[in-house]
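Given next are the chains, with one letter for each unit.
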Amino acid sequence: MQIPLLLLTFLASMSSSIAQGLSPSYLRCEYHENPVTDAASPRLSWELNSPQTNQVQTAYQILVALSEQDLTESKADLWNSGKVNHRATYQIAYAGKPLKSRQSCYWKVRSWDKNGVVGPWSKASSWQMGLLAKSEWKASWIGLDLDHLGKGKVYHLPPAPYLRKQIHVKATFKKATLYVTALGLYEFSINGNKIGDAFLTPGWTDYDKRVYYQSYDVTSQLRAGANALASQVSYGWYAGYLGYSLLVQNPVVRAFYGKVPVLKAQLEVTYQDGSMETFLTDQTWKASQGALLESDLLNGETYDARLEQNGWNKADFDDKSWKQAQVFEDRPERKIQVYPGPPVRVTQTLPVQSTTKRPDGSYIMDMGQNFAGIIRLHVKGEAGDTVRLRFGEKLYPDGRLMTENLRMARATDTYIVKGDPQGETWEPKFTFHGFQFVEIKGLRYRPDSQTLLGLVIGSDTPKTGSFETDNAMVNQLYSNIDWTQRANYIDIPTDCPQRDERIGWTGDAQVYAKSATFNRDVASFFTKWVVDLNDGQRANGAYPLYAPAPDLRKTDTFSPGWMEAGIICPYQIYRAYADTRMISEGWTHMVRFMDFLEKRSKGDFVFKENAFADLDPKGGYGDWLSFGKKTPPDLLASFYYAYCADLMAEMAQAIGNKKDQQRFALTSAKARKAILEHYTDSQGRFTCNQKAYGNGAGYVDGALGFTGNTQTAYANAIYMNIVEEKAIKKSGAFLSELIKENGNKLATGFLGAKPLLPALSVSGHPDLAYKLFLSKEFPSWGFEVENGSTTIWERWDSYTKEDGFKYNAAMNSFSHYAFGAVCEWMFGHAAGIKATKPGYAEFDIRPEIAPKGMGKDGINHLKASLKTINGLITSEWERKEDH
C-alpha cells in the first residue's frame, strides 16, 4: 500500500551523563555479569553510551588483572589488549595469559569514538575461573538410598534424603568457595542459610555424559569455629518421574538415570597465610530423612511439618542417630562443568486475584495468569491438619478444577500442619507446576489474600523486547507469547509445564527460536541446550526429537522439522548474537547430521515419498495439529534439507571454513532443483504421489489424505527460498488462493504457522497477513485471546466459552509456545526490525503498515523495541486519518 507519510523513530544509543566520548557499561563475560566460567578464553562484551547521536566505536582497549587494584596499563598482569582498531563490542575472546582454576579475573574497557576521542574507563567487572580439570574434584558422590520407601499403587515417591556435616574453620580464614552439584537436585545451606537463589540446580543433562555444577563465594556465610554444611537432595530428572513415564506405563522412565539422588560438594577455605583447607562430601557425612516425605518434579511434594528435625542444618545439632552417608561410584567418562546457562529463579510473585468456595468445602483460588511455578503457603491449624493443593490451568463451566490434561502428573502439593499458633509458612523446593488455578482443601477457615502467593519460576533470561499497539487483543497476544516462553524456558525449552511430559521437543524449539530472541536474551540459555542436543545425537547422525534425550519411546527416532533443530537453533543464535563459538564447537555434530541426510537421499538430494519409512513408518509428526489434508512429511523433509544446507553454507563462511561453505552451497542448489523437479507440476504447484501413502493408515492424521498443495507447503517454500525469486509472487498467489478457499482462515500446524505470515508479506500479500493476524475467528491467535487465554495454546481450539474443552484432554496444553512463533512476523514485519548482519551490527527498519478501514479491530499505532547485543532499536509508526 502507498504511505503518504511514515513517522518512524529510531533510537540506536542510550542516554548518558558523560560530557564527551563513549562510556562502556553492562560489562559481561560469557553473556553473564560477574560469572563463574570454565571457558579457556571467555568472551567479553559491553554496551556503549553517548550523549550524541550517530556515534560509533572505532577502537577499544581491555585490561585484565588478578586484582582490581592492578587494573592499570602498567600493572595489568593477565592481559592488556592495547588499542585495537575495531568496532566490535561483543564476542571479544580473552587473549591474555593462560587462565588457571580458581583465579579471580578483574577487567575493564574503554572505547574510542568516531572522532578518535577516547572515553573513560568503565567500572571494573570480574569473572571467576571454576575447576578446569575433573581431577581437581576430590569430593565423592554421597547419598542415602531410600528407594525402598514410598511405593504406592500408582506412584513410587520416596522421601528426600537429608545430608549434613559439621566442620571447624580457623579464625584466620580469608575466603571460602563452594563447588556443588548433584545427580538429581540439591539445595545447599551453611549454618541454616540457603546458598544462592537458584532453583532446580544443577539442571538436566545427559547425566552419563556430563553434569553441571554451581560455584558460590560463601565467605560471608562462614564463621570462626563450628559450621554446619547441609543439603537436601531430591530425585529430579535423574531419579524421579520423567516425561511420558506414566503415559506409557513404562517403569524404566522413573529413575531413568539412577535410583538414588547423590551430592558432590567441596568447600575450599583460604586462610590469611595463603594456605587452603578443603572440606569434601565423603563417608564422614551423616544422612537421614525428615519432613519432606515425597518430592517429584511432575507429581509434587508432601511435607509433614511434624517430622521436622529442628536445627538439622545448623552447628551443634545432635546427629548421632543419623546414618553414615553412602558413597557412590563415579563414571570416569562423565564431565563436570560450570553451568553455562541463566539460573532458574523465582522471577516474579503473583497474588491471588479471587477466591471461590466449592460445594465440597474446598476453595478455588485464581492467580489471574497461567504460569509455571509454585506457591508459598501461609496457614494456621492444629497439628495433623492436612492442607492439599491441586493445580490446573482451567476450570470447568461449573467451577471445578480441570486436571485431565495433566494426564498422569499428579501435580499436588500436600502440607501437614505442625500446629504453630503463630502460623506456618511453606513452599516446595523440588517441583513446579503449570497453572492459573489452585484448589485448596483442608483449611478450617476461608483463605484470604495472605494464604497463597504465586512464585513464578523460570530461567532468568533478561527481557529485551517490547511490543505495544492500540489494539488490546494484540497486546494481550504479545503478553501471552512472553508468558508462555517464560513458563517453558526452565533449564531446557519444554513443550509444556503442566502435564507428564515437559521435555525439550526439538520441533517446538526450532520453530520458536527466532521469536525467543525478540523477547528475551536467550544466548546462554541456548548455549546450554545446544550441548544437550549434541549429546543426544544418534549413532546414525540424526538429532534427537527431544533433548536431553532419554530413550522414552522407541518410536521417537525421526521427524522432519524436529531433528533439524541442531542446525537451526545455532544459526538463530548466530544471527541474533553473532555467536560463532557455538557453531565451531558444534560443527562436527552439524556436519554429521548433514551427512546423514545426504546418505538418506541416496544421491538424489530429495526425499521421495516414504523415504524414511524404515525409521518411522508414520512419517514423523509432520505439520503437527494442522487442519485438512496433510502436507507430505517427505516434502517437508526435503524443504528442510535444502534450508539447512543454506544455513550451513552461511555458518561455514562465518567460521572461515571455505571447503564446507562450497560443499553446502552446492548441496542447497542440488536439493532445490531436485525438489522442484519431483514435487511441482507444470504450473509450479506443489504435488505428491498420493498412492505412495496408500490410505494414509499409520501416518499422523494420514487418513485425511496427502497433498503438496497446502498452505504449509507454500508458506515454507517461500520462507525457505525453495522456489526461485521470480516465482515467489506466483507461489504467494497459490498460498493466498488456498487461504481464501478456506474462508480466509489458516489451516497450518506447528511447521506451517511460523512461516505463514512472513511468506504472505514477502510475496505481495501483507494485507492478508494482517487479516489472519487480527482475526478473532477460529482458528486464529485472536480466537485464543477472545476465549480468555493468558498463554499460547497447544491447539487452535483447545477451549471455547461455548463448548468448553473440545478435544481429548491428554493432548490439550494451555501453555505451548509453538504457535507463538508469530512473534517473528510481529517484530520482523509489523514493526519491520530485521538484522542484515549478525548481532544487528547492521539492520533495516521497514515496517508493514496495517491496512486501513478495520476500525477498532485494526492497528493504528505500533511501537516495538529490541535491546540487541549492539544496543537498543526502537521502531514506531502511527496512522492519523489518511496518513
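Keep in mind the model is a prediction, meaning the values are calculated, not measured.

Draft legend 1. Structural context of the overall build of the protein chain. In terms of regular secondary structure, the protein chain is built from 14 helices and 40 strands. Its C-alpha atoms put the protein chain at 85 × 75 × 60 Å along the principal axes. Considering the protein chain as a whole, with its 883 residues, one finds that 61% of them fall into the buried category. For the protein chain, restricting intrachain contacts to residue pairs at least 6 apart in sequence, the fraction spanning at least 24 positions comes to 76%. Charged side chains in the protein chain number 100 positive and 97 negative. The centres of these two groups are separated by 2 Å.

Draft legend 2. A look at the packing of helix 12 (residues 766-774) against helix 14 (residues 823-830). Packing of helix 12 against helix 14 leaves a shortest axis separation of 12 Å and a crossing angle of 140°. It follows that helix 12 is oblique to helix 14 by the angle criterion. Of the two possible hands of crossing, helix 12 and helix 14 adopt the one that is left-handed. In this structure, helix 12 uses Ala769, Tyr770 and Phe773 to contact helix 14, whose residues at the interface are Trp825, Met826 and Ala830. Across the contact of helix 12 with helix 14, the residue classes tally to six nonpolar, no polar and no charged.

Draft legend 3. Summary view of the nonpolar core. Within the largest apolar cluster, 231 residues are counted, with the highest numbers of intra-cluster contacts made by Phe188, Leu267, Phe467, Phe526, Met651, Leu757 and Phe773. Ranked by residues supplied to this core, first place goes to helix 7 (residues 633-654) with 15 residues. Every residue in contact with leucine 267, bar those within four places of it in the chain, is listed here: Ile167, Ala176, Thr177, Leu178, Val218, Leu222, Leu229, Glu277, Thr278 and Phe279. One finds Leu48, Trp79, Leu99 and Trp127 within the second-largest nonpolar core, a separate group that totals 20 residues.

Draft legend 4. Representation of the environment of aspartate 495 in the model. Mapped onto the secondary structure, aspartate 495 falls in the loop between strand 36 (492-493) and helix 3 (506-519). Note on aspartate 495: relative accessible area 1%, which makes it buried. For the pair aspartate 495 and tyrosine 643, spaced 148 residues apart in sequence, the C-alpha to C-alpha distance is 24 Å. Among the polar contacts made by the side chain of aspartate 495, one reaches the side chain of tryptophan 505 at a distance of 3.5 Å.

Draft legend 5. Up close: the sheet that holds strand 10 (residues 161-169). The antiparallel open sheet is built from six strands, whose spatial order is 13-12-15-10-18-21. Lying at the two open borders of the sheet, with one neighbouring strand each, are strand 13 (193-194) and strand 21 (323-324). Pairing between strand 12 (residues 185-190) and strand 15 (residues 225-234): six bridges, direction antiparallel. Bridge pairing links serine 189 to alanine 230 in strand 15.

Draft legend 6. Broad picture of empty space enclosed by the protein. This model, assessed by the stated rule, comprises nine cavities of 30 Å³ or more. There is about 80 Å³ of room inside the second largest cavity. Considering only residue class, the lining of the second largest cavity consists of nine nonpolar, two polar and two charged.

Draft legend 7. Region of the structure containing the packing of aromatic side chains. Counting across every chain of the model gives 60 aromatic pairs. Seen in terms of ring centroids, tryptophan 137 and tyrosine 179 are 6.4 Å apart; in terms of plane orientation they differ by 70°. Their pairing is edge-to-face. Placement of the pair is tryptophan 137 in the loop between strand 8 (125-129) and strand 9 (141-143) and tyrosine 179 in strand 11 (residues 173-183), with a sequence separation of 42 residues. Like tryptophan 137, the residue tyrosine 179 is buried in the burial classification. With a centroid separation of 4.5 Å and 50° between ring planes, the pair formed by phenylalanine 371 and phenylalanine 435 is classed as tilted. Placement of the pair is phenylalanine 371 in strand 26 (residues 363-379) and phenylalanine 435 in strand 32 (residues 433-441), with a sequence separation of 64 residues. Here phenylalanine 371 matches phenylalanine 435 in class, with each residue buried. Every member of this aromatic cluster is reached through a ring pair, and the members are Tyr489, Tyr512, Phe525, Phe526, Trp529 and Tyr817. Above the plane of the ring of tyrosine 396 lies arginine 400, whose end atom (NZ or CZ) is 4.3 Å from the centre. Sitting over the face of the ring of tyrosine 155, arginine 410 holds its NZ or CZ atom 5.8 Å from the ring centroid.

Draft legend 8. Highlighting helix 5 (residues 565-577). Taking 1.5 Å of rise per residue, 13 residues should cover 18 Å, and helix 5 covers 17 Å from first to last C-alpha, within 8% of that figure. Extensive coverage of helix 5 is indicated by the burial of 13 of its 13 residues. Where helix 5 ends, the next residue or the one after it, alanine 578, has phi of about 55°, a positive value.

Draft legend 9. Seen up close, helix 3. In a regular helix each residue adds 1.5 Å, so 14 residues correspond to 20 Å; helix 3 covers 19 Å between its end C-alpha atoms and thus fits that length. A maximum bend of about 55° is found in helix 3 at alanine 513. Across the 14 residues that make up helix 3, a large majority, 13, are buried.

Draft legend 10. Representation of the confidence of the model for the protein chain in the model. The share of residues in the protein chain with pLDDT of 70 or more is 95%, and the mean pLDDT across the chain is 94. Taken as a whole, residues 1-19 scores under 50 in pLDDT and shows 45 contacts with residues more than four places along the chain or in a different chain.

Draft legend 11. Quick peek at the side chain of asparagine 227. If you trace the backbone, asparagine 227 turns up in strand 15. For asparagine 227, a relative accessible area of 0% translates into the label buried. The contact partners of asparagine 227, leaving out residues within four places of it in the chain, are Lys165, Gln166, Ile167, Val169, Asn191, Gln221, Leu222 and Ala315.

Draft legend 12. Quick look at the pattern of salt bridges. All chains considered together, the criterion is met by 52 salt bridges. Taking the shortest distance from any N to any O, the salt bridge between glutamate 47 and lysine 867 comes out at 3.7 Å. With glutamate 47 in strand 3 (residues 43-49) and lysine 867 in strand 39 (residues 861-868), this residue pair connects regions lying 820 residues apart in the sequence. Two residues, glutamate 842 and lysine 837, come together in a salt bridge whose shortest N-O distance is 3.4 Å. One network of salt bridges, with partners in common, ties together Arg407, Asp495, Arg499, Asp500, Glu501 and Glu794.

Draft legend 13. Local environment of the sheet that holds strand 34 (residues 465-469). The sheet built from three strands is open, its strands ordered 34-39-40 with antiparallel pairing. The sheet is open, and its two edges are formed by strand 34 and strand 40 (871-878), each paired on a single side. Within this sheet the neighbouring strands show an average axis-to-axis angle of 5°, counted without direction. Direction of pairing for strand 34 relative to strand 39: antiparallel, over a ladder of five bridges. Residue pairing across strands places threonine 469 opposite leucine 862, the latter belonging to strand 39. This element, helix 14, spans strand 34, strand 39 and strand 40 of the sheet and lies at about 75° to strand 34.

Rules and cut-offs
- Residues numbered from 1 in each chain as written.
- Predicted model: local features only at pLDDT ≥ 70, side-chain atom pairs only at ≥ 80, totals over all residues.
- Heavy atoms only, no water.
- Helix = DSSP H or I, 4+ residues; strand = E, 2+ residues; numbered from the N terminus.
- Buried < 20%, exposed > 50% of the residue type's maximum accessible area, 1.4 Å probe, protein only.
- Contact = heavy atoms within 4.5 Å.
- Lys, Arg positive; Asp, Glu negative; His and termini not counted.
- Charge placed at Lys NZ, Arg CZ, Asp CG, Glu CD.
- Axes fitted to C-alpha atoms, helices over the stretch in contact; angles between N-to-C directions.
- Parallel < 35°, antiparallel > 145°, perpendicular 65-115°, else oblique.
- Left-handed = near helix turned anticlockwise from the far one by under 90°.
- Nonpolar A, V, L, I, M, F, W, Y, C, P; charged D, E, K, R; others polar.
- Core = buried A, V, L, I, M, F, W, Y, C linked by side-chain atoms within 4.5 Å.
- Polar contact = N/O pair within 3.5 Å; in protein donor to acceptor, adjacent residues only side chain to side chain.
- Pairing = 2+ DSSP bridges.
- 1 Å grid on protein atoms, 1.4 Å probe; cavity = no way out; pocket = protein on both sides within 12 Å on 5 of 7 lines; lining within 4 Å.
- Points joined across faces, edges and corners; volume = space filled by probe spheres on them.
- Phe/Tyr/Trp six-rings, centres within 6.5 Å; stacked < 30°, edge-to-face > 60°.
- Lys NZ or Arg CZ within 6 Å of the ring centre and 35° of its normal.
- Expected span 1.5 Å × (residues − 1).
- Bend = angle between axes of the 7 residues up to and from the residue.
- pLDDT = per-residue confidence, 0-100.
- Salt bridge = Lys/Arg side-chain N within 4 Å of Asp/Glu carboxyl O.

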